[in-house]
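Below are the chains, spelled out letter by letter.
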Amino acid sequence: MTEKDVVPEPPPGFVPSGSRGPFSSHNGPYFHRAEMGEVTEQAFYALPRHANGLGLVHGGMLTAFLDGLMGAAVYRAARQTAVTIHLSIDFLHMARVGEWVMGEARVTRATRDVAFVEARAHVAGTDVVRGSAVFKLMRRHG
């Protein structure tokens, strides 16, 4: 690990997240708000590996972050694992290496089979990306 890969202490109230699967673990580390309210909150510190050639956080990283954040919101609300079946992302502003990207998501509606979610990510209060998604709720087959 180089000095460029060092993640500072997370923002107040945030703690390291556990394993989220190989893809997300590779892209992290991620953090979440320890006290859970109605809104699911997560964050990551933008490292050089998260950047494009301009030193801005890559749109794919922001998309993956929002997708995982919305999936976590669905799990918290429905207590079921879910998979993304529709994802819409709007890029609004830039995030740069060395900044904390903060995200929040909420389930807006859930049926027996699907959940609808909205999310946003911001840096220092400025929205950088927002998204909405539909998730298929997965039922265990016995």
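The structure under discussion appears in the preceding block.
Below is a short write-up of the structure. (Residues numbered from 1 in each chain as written. Predicted model: local features only at pLDDT ≥ 70, side-chain atom pairs only at ≥ 80, totals over all residues. Heavy atoms only, no water.)

Another point: the overall build of the chain. When helices and strands are counted, the chain shows 2 helices and 7 strands. Starting at the N terminus and ending at the C terminus, the chain contains elements arranged as β-α-β-β-α-β-β-β-β. The C-alpha atoms of the chain give 15 Å as radius of gyration, which agrees with the globular expectation for 142 residues (14 Å, within 12%). Projected onto the principal axes, the alpha-carbon positions of the chain cover approximately 50 × 30 × 25 Å. (Helix = DSSP H or I, 4+ residues; strand = E, 2+ residues; numbered from the N terminus. Rg over C-alpha atoms; globule rule 2.2 N^0.38 Å.)

The next thing to look at is the environment of Gly21. Examined against the element boundaries, Gly21 turns out to sit in the loop between strand E1 (14-16) and helix H1 (22-27). Residue class for Gly21 comes out partly exposed when judged on its relative accessible area of 26%. Sequence separation of Gly21 and Arg120 is 99 residues, and the distance between their C-alpha atoms is 22 Å. (Buried < 20%, exposed > 50% of the residue type's maximum accessible area, 1.4 Å probe, protein only.)

In this section: the pairing of strand E2 (residues 30-33). Bridge analysis of E1 against E2 gives 3 bridges, and the strand direction is antiparallel. From the neighbouring strand, Val15 faces E2, where its bridge partner is His32. With 3 bridges joining them, E2 and strand E3 (residues 40-45) adopt antiparallel strand pairing. Residue pairing across strands places Phe31 opposite Ala43, the latter belonging to E3. From the end of E2 to the start of E3, which pair antiparallel, there are 6 residues. (Pairing = 2+ DSSP bridges.)

It is worth spelling out the environment of Ala72 at this point. As for its placement among the helices and strands, Ala72 is situated in helix H2 (residues 59-78). In this structure Ala72 comes out as partly exposed when scored by relative accessible area, which is 21%. Taking the C-alpha atoms as reference points, Ala72 and Ala95, 23 residues apart in sequence, are found 22 Å from one another. Contacts of Ala72, omitting those with residues within four sequence positions, involve Thr40 and Gln42. (Contact = heavy atoms within 4.5 Å.)

Take the pairing of strand E6 (residues 114-123) next. Among the 10 residues in E6, 7 count as buried, and that is most of the element. Sheet topology note: the strand E5 (residues 100-110)/E6 ladder contains 8 bridges and is antiparallel. Residue pairing in the sheet places Ala110 in a bridge with Ala115 of E6. Here E5 folds back onto E6 in antiparallel fashion, the turn holding 3 residues.

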